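For reference, the chains in residue letters:
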Amino acid sequence: MIAKLISNMHFLTAMVLFLIGFHTMLTHSNLIKKVMGMNIMETGIFLFFISVGYVRGGSSPIAVPGAEGYINPLPSALILTGIVVSVSLTAFALALIVKLYNYYGTVDADKIMQLRGGEE
Amino acid sequence: MNHLPVLLVALYLAAALGLPLLGRNKKFPAGLFAVGVAGCGLILAAASAWHVAGTGTYSYFPGGHQAPLGIEITIDWVTVFLHLTINLLAVLVLIYSTADLSRELGGGRAKTWYYSLFFLLLAALNGIVMAFDLFNIFVFTEIGTIAACALVAIRPKRLCVEAAFKYLVLSALGSGMVLLGIGLLYMVTGYLNIGAMAQALPKAFAMYPWNVLVALSLFVIGLGTKAALFPLHVWLPDAHSSAPTPSSAALSGLVIKVYAVAMARIIFQAYGAELFSRIPVPDVILVFSTAGIFAGSVLAIGQTDIKRMLAYSSVAQIGYIFLGFALVTMNGIVGGILHIFCHAVMKSLLFLAAGAIIFKTGIRKIEDLAGMGYRMPLTMAAFSIGALSMVGIPGFSGFISKYYLAFGALAADRPVYVAVILLSSLLNAVYFFPIVVRAFFGHKEKQMTWDRLPWAMTVPMVVLAALTVILGILPGGLVRIAELAAGAWLN
Amino acid sequence: MNSVYNYLPLWATLFPVLATVPLFFVERRSAKIRDVFAQAVTGITLLLVALMYPYVRDHGVIGVSYPGILPPFGISFRADILGFMLALIAAAVWFLATVYSKVYIGHEGGGNRYYPFLLLSLGGCLGVFLTGDFFSLFVFFELMSLASYVLVVHEESDAAIAAGYKYLILTLIGGLALFFGIVIAFEVAGNVDIAPGNLLFAEPNRLSFIAFLAFLVGFGMKMGIFPMHVWLPDAHPVAPSPASALLSGVMLKTGAYGMIRVVYNVYGPELIAAAGWDTILLVLAGITIFLGSAVAIAQTDIKRRLAYSSIGQMGYVLLGIALLTENGLTGTTFHIFSHAMMKSTLFLAAGAIIFKTGTRKIKEMAGIGFKMPVTLGCFTLAALAMIGIPPLNGFISKLILSMGALDAGKPAFVFLLILSSLMNGIYYLPIIISAFFGVKKEERKWSRAFSELKPSMWIPIAVLAASCLVFGLLPINLPLKWAQIAAKALLGAGN
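Just so it is clear, the structure is predicted and the values come from calculations on it, not from any experiment.

The next subject is the overall build of chain B. On a plain count of helices and strands, chain B comes out with 19 helices and two strands. Here chain B has a C-alpha radius of gyration of 21 Å; the compact-globule value for 491 residues is 23 Å, and the two agree. Projected onto its principal axes, the C-alpha positions of chain B cover 70 × 55 × 45 Å. Taking contacts inside chain B between residues at least 6 apart in sequence as the whole, the part at least 24 apart equals 80%.

Each helix and strand counted, chain C has 20 helices and two strands in total. Expressed as lengths along the three principal axes of its C-alpha atoms, the size of chain C is roughly 70 × 55 × 45 Å. The buried share of chain C, taken over its 495 residues, is 65%. Pairs at least 24 apart in sequence give 80% of the contacts found in chain C among residues at least 6 apart. Here chain C has roughly 16300 Å² of accessible surface; of this, 69% comes from carbon and sulfur atoms. Measuring between centres, the 32 positive side-chain charges of chain C sit 10 Å from its 23 negative side-chain charges.

Attention shifts here to the interface of chain C and chain B. On the chain B side, the residues contacting the 28 residues of chain C number 34 residues. When the buried area of chain C at its contact with chain B is split by residue, L70(C), E156(C) and L176(C) rank highest and sum to 18% of it. Where chain C touches chain B, the interface holds zero salt bridges. Counting across the interface, chain C meets chain B through zero residue pairs in polar contact (both at pLDDT 80 or more). Breaking the side of chain C that touches chain B down by element, the ones donating at least two residues are helix 6 (134-152) and helix 7 (158-189) of chain C.

Here we take up unusual backbone geometry. Of the consecutive residues F226(C) and P227(C), the connecting peptide bond is found in the cis state with omega at 0°. Between P390(C) and P391(C) the backbone carries a cis peptide bond, its omega angle lying at 5°. Residue position: P391(C) is located in the loop between helix 16 (373-387) and helix 17 (393-407). Its identity as a non-glycine residue notwithstanding, A228(B) has a phi of 60°, on the positive side. Residue placement: A228(B) occurs in the loop between helix 8 (209-226) and helix 9 (236-242). With a phi angle near 60°, L324(C) is a residue other than glycine that sits in the positive phi range.

In this section: the pattern of salt bridges. Residues and elements named next belong to chain B. All chains considered together, the criterion is met by 18 salt bridges over all chains. Of the charged contacts, one joins R155 and E104 as a salt bridge, the two residues approaching to 3.4 Å between their closest N and O atoms. Taken together, the residues R155 in the loop between helix 5 (134-153) and helix 6 (158-189) and E104 in helix 3 (residues 77-105) connect sequence positions 51 residues apart. Judged by relative accessible area, which is 6%, E104 ranks as buried.

Next up on the list: the packing of helix 13 (residues 330-361) of chain B against helix 18 (residues 455-473) of chain B. All names here are of chain B. Contact geometry of helix 13 with helix 18 gives a least axis separation of 9 Å together with a crossing angle of 145°. In this structure, helix 13 crosses over helix 18, and the sense of that crossing is left-handed. When helix 13 is examined against helix 18, the residues F341, V345, S348, L349, L352, A353, A356 and F359 are found in contact with a partner set consisting of M457, P460, M461, L464, A465, L467, T468 and L471. For the contact of helix 13 with helix 18, the class distribution of residues is 14 nonpolar, two polar and no charged.

All names here are of chain C. Looking at the secondary structure, you find Q299 in the loop between helix 12 (277-298) and helix 13 (302-323). Within the structure, the side chain of Q299 is placed 3.3 Å from the backbone oxygen of V295, a separation counted as a polar contact. Once residues within four sequence positions are removed from consideration, Q299 is found in contact with R304, R305, Y308 and I362.

Together, K32(C), K102(C), K356(C) and K454(C) line one region of the surface with positive charge. Tracing the backbone through its elements, the reader meets K102(C) in helix 4 (residues 81-108).

Moving on, we come to the arrangement of the chains. Across the two pairs of chains that are in contact, the largest number of contacts falls between chains A and B. When C-alpha atoms are compared, chain A and chain C, though not in contact, are closest at a spacing of 29 Å.

Right, let's talk about helix 2 (residues 30-55) of chain B for a bit. Note on helix geometry: an α-helix contains 3.6 residues per turn, so any two residues three or four positions apart are oriented the same way. Given a rise of 1.5 Å per residue, 26 residues ought to cover 38 Å, and the 37 Å separating the end C-alpha atoms of helix 2 of chain B matches this to within 8%. At the C-terminal side of helix 2 of chain B, G56(B) shows a positive phi close to 95°.

Take the nonpolar core next. Of all hydrophobic cores here, the largest spans 434 residues; its most connected members are Y271(B) and Y267(C). Take this core: its biggest share by element is 21 residues, from helix 10 (residues 245-278) of chain B. When near neighbours in sequence (up to four residues on either side) are disregarded, Y267(C) contacts L199(C), F201(C), S208(C), A211(C), F212(C), F215(C), V262(C), I272(C) and W277(C).

Across the boundary between the two partners, chain B contributes 34 residues, which contact 39 residues of chain A. Of all residues in chain B, R158(B), F165(B) and Y186(B) bury the most surface against chain A, accounting for 21% of the area lost on that side. On inspection of chain B and its partner chain A, the count reaches zero salt bridges. Along the contact surface separating chain B from chain A lie one residue pair in polar contact (both at pLDDT 80 or more). When residues of the side of chain B that touches chain A are traced back to their parent elements, those giving at least two are helix 5 and helix 6 of chain B. If one sorts the elements of the side of chain B that touches chain A by residue count, helix 6 of chain B sits on top with 19 residues. Within the side of chain B that touches chain A, the residues separate by chemical class into 24 nonpolar, two polar and eight charged.

Further remarks concern the side chain of T380(C). Residues and elements named next belong to chain C. Within the secondary structure, T380 sits in helix 16. At a separation of 2.5 Å, a polar atom in the side chain of T380 contacts the main-chain carbonyl oxygen of L376. Look past the residues within four positions of T380 in its chain and what remains in contact with it is I432 and F436.

This part is about the pairing of strand 2 (residues 75-79) of chain C. All names here are of chain C. The element strand 2 is largely enclosed, with a buried count of five among its five residues. Note that strand 1 (residues 62-66) and strand 2 share five bridges and pair antiparallel. From the neighbouring strand, Y66 faces strand 2, where its bridge partner is I75.

The next thing to look at is the packing of aromatic side chains. This structure, assessed with the given rule, holds 50 aromatic pairs over all chains. When the centroid spacing of 5.3 Å and the interplanar angle of 25° are considered together, the rings of F138(C) and F179(C) count as stacked. You can see F138(C) sitting in helix 6 and its partner F179(C) sitting in helix 7, a full 41 residues away along the chain. A relative accessible area of 4% places F179(C) in the buried class. Measuring from ring centre to ring centre gives 5.6 Å for Y267(C) and W277(C), while their planes differ by 85°; the resulting arrangement is edge-to-face. Taken together, the positions of Y267(C) in helix 10 (residues 241-267) and W277(C) in helix 12 put the pair ten residues apart, joining distant regions of the chain. Per residue, the accessibility class of Y267(C) equals that of W277(C), and both read buried. Ring-pair connections join several aromatic residues into one group, and the members of that group are F399(B), Y403(B), Y404(B), F407(B), F135(C), F138(C), F179(C) and F186(C). Directly above the ring of Y259(B) sits K226(B), whose terminal nitrogen or CZ lies 5.6 Å from the centroid. One cation-aromatic arrangement involves R28(C) over F24(C); the distance from NZ or CZ to the ring centre is 4.7 Å.

What follows deals with the confidence of the model for chain C. Low pLDDT means the predicted coordinates in that region are not meant to be read closely. With 97% of its residues at a pLDDT of 70 or more, chain C shows a mean pLDDT of 88. The complex prediction reports pTM at 0.91, with the ipTM value standing at 0.91.

What counts as what
Residues numbered from 1 in each chain as written. Chains lettered and ligands numbered in written order. Predicted model: local features only at pLDDT ≥ 70, side-chain atom pairs only at ≥ 80, totals over all residues. Heavy atoms only, no water. Helix = DSSP H or I, 4+ residues; strand = E, 2+ residues; numbered from the N terminus. Rg over C-alpha atoms; globule rule 2.2 N^0.38 Å. Contact = heavy atoms within 4.5 Å. Buried < 20%, exposed > 50% of the residue type's maximum accessible area, 1.4 Å probe, protein only. Areas by Shrake-Rupley, 256 points an atom, 1.4 Å probe, with all protein chains shown as cover. Lys, Arg positive; Asp, Glu negative; His and termini not counted. Charge placed at Lys NZ, Arg CZ, Asp CG, Glu CD. Buried area = accessible area lost by both parts, 1.4 Å probe. Salt bridge = Lys/Arg side-chain N within 4 Å of Asp/Glu carboxyl O. Polar contact = N/O pair within 3.5 Å; in protein donor to acceptor, adjacent residues only side chain to side chain. Axes fitted to C-alpha atoms, helices over the stretch in contact; angles between N-to-C directions. Left-handed = near helix turned anticlockwise from the far one by under 90°. Nonpolar A, V, L, I, M, F, W, Y, C, P; charged D, E, K, R; others polar. Patch = residues over 30% accessible without salt bridge, like charges linked within 9 Å, V, L, I, M, F, W, Y side chains within 5 Å. Expected span 1.5 Å × (residues − 1). Core = buried A, V, L, I, M, F, W, Y, C linked by side-chain atoms within 4.5 Å. Pairing = 2+ DSSP bridges. Phe/Tyr/Trp six-rings, centres within 6.5 Å; stacked < 30°, edge-to-face > 60°. Lys NZ or Arg CZ within 6 Å of the ring centre and 35° of its normal. pLDDT = per-residue confidence, 0-100.

So, in structure tokens, the structure goes:
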């Protein structure tokens, strides 16, 4: 059991990271922390994806003579796109936070809710 | 002719990139350009539909690499139906926006940016409905999410920014889940292509049932968040009500539906109706969509702001679409697909009419709308048509989708959902009729004045109202396309 | 069959609906042209309906269908003797009410909104009677209900708006229930056509019972059957009087017509009797008759009293439907006709009194008979018919209904009918007595006849009142004959 867990450590780590990120995003009222949680969650997913394509002892997927097994390049390629998406999401979220700070003078979601009050 | 749908996305992407450059010239008529581009998009979509009607559905492989190695794009009837819906609505909403945006966004170059974002959104929406591999769906979803959030945040009001942030965070959560789900499925099948996955999944399900099931629930929750499936709708009322009116119309009318379609495509075409029905996920979706239908309607009754009320009504209406899909019967899915179109038309109509009232009078409170039928008769007539259609009065398009949903529920041997649909119609009446009644009756002042709106606002409303009525009486063609689309999903 | 006459039901239904478009443009120019135009439209509609008669008589059924509109049901038009008879009544009363409206609405104002919706609801009402399937019936039913909402709230007082809202929501519930029933019927039978021998349900199971209840709620709501009558006493009195006459005199009958079709064309009397569902109808009919008549006595507002009386009368109609005998059905059909004539007379006459004196309170109407002899004469005639005094038409319908009750072996209902007649007497006679004898002898001065009202107001009242007398006396009673043919055809359909 333990050995199985250790051999699948990357999956376990990925899930732990995902949950930490998820938890941070939902429970923290600080907007910056929400964005950080979002990044942690996505990192967890990226790690998971990369692990799917990882072959123990495999070489990088470049055709060189004498290589035994290749690491599946597809997940890595996909995650490259995923990282781009994540970066743009982060950038956009941070830009919104800057605007929110300008409007409300705080980056705390609860305080913003209070300030908002009954506005429609 | 096979390239048309792909050109559609390329056109919008190019327009999105080109607009900021062209907009550097202060005299550049951004609105006219936007309407023109969307018009071209509609023509492309119509030509593509014509082509499909002539030669049948097909798969398109960019670069000529065959699936599963290459990327597959499917041009089936669902795609055609959604392309027509999206581009038709886009043209009308953009025409409307040329008159409305200056008020909502202020001067400067915001308008150019707005159109750029709008085209980005359109590219994403058109892309999602034709992508046939999971990763492309994900990428287009993300483009759509960012563009949609930006379309809310662009209005220089603090509420909009706050709503957009909420929308963004919840969407990002959803995206994360979808990506994780894709990873889980890729892990056990080795494919991203939906067609190839459909063949590999039964075997994979036998070996790793948990992977497959967890992935399914992640898709349902992830895409459900983006599609505002109750109880994941919390972002919607703020975002849709505070956005500029054209954004509200597009977000409520199109964006949430496209995510529902993406979910349905994964469920029906990757998992297959059989595997999907073997596990109780349809029942779960049925329960949530029913809860959404009632909760959305009840919350809408309590609203005082007209755009917020319409936003809550969208929560209820998206419930109908999911309800139809989750019934997993021919008529149910037909009803769901039809409701995508009907609701897109009537909710856009309602949002545009509400926006026109706000544009002209600044009134957002429902109680202040009394006598509005005399001040803005045309707008209120359009609003009334939309409202009657929402309630499901025969002769209006909303009725058509409702009776297909009712048949679907009976065919699935669940008459209780017929009762749900009928009861919710009544709830719709409870929040829509008082507005209509108070606008026309019981007001002291009887002086009738004309709306005096810019024609760019009047024309889209009139077209949408006409569509609601015409399709309410002669829905034949629409129903046939929906039946073809549903047929592809059920097999 | 493919002759031009097959299109008559279609044209009779669509003509008033389409005529609202030119009316919309005409009414802005002049109120006079508007009134004449509306009268002409209803007159032509009446003519179109009447033209059907020779062909309905010879062929039994005429009609066309358009399956392409609103699939999968399609829209179809069809007239048999029952549908034709009710459509003729509707068109005739509508025409008279439109003539009457000229002065009444001219005085009240708001005609530019009133007339288009008057025509729309005529189209909807004729559509209900002249369609060949339940789905089309439902569509026109909703059209009529929604269009008549505007007639109900015409005065736009707070009471009217409140009553209108109640009417709207309850009508909607009725419409949805009806739709529920139709969907189930379509799912079970594969079609919802109204045709002899085309029974949609074969056995009394849970689903067909649910559908039956749905139909009962849907049509019962419109009929004002207990306990779905709550909207009626509010909505009918607040409407302008010609609209009240139409609501009470004709539009209630769409529900009755629907119930006849449900019992005899959807389920068939055998199934209803075997399942024992006629008991439900009989009990409801009994309660409705008693309740309507009893509560009417307590009313002080003349129009409210008439509205409650309508509830009681619709109880008679439901009773006749539920008896499942030929005489019962004949009586029901004839009573639909009689009640249309009597209640329209009463409402129009009450409207004339309100128009002239401005009061709706019954006790303030003492001596009115001398001021408005023609109106009160007609009112008296119709009221006597309501009570069931021979030889008026109300007597005939009650007589046949009683025979039907005896045929069915339910003599209790004969007593109920007599009791209710007594109660009718209790609430109608005082009005008449106080109108003619409520003042001292020296104050009884006859005003000059016919000057009390403009001819366009008193002629419709007089025509309707005369029909109460004529169709009771005449040796060749055409409506009665039609009612008998219709009853035979409907019962034959069940066998």
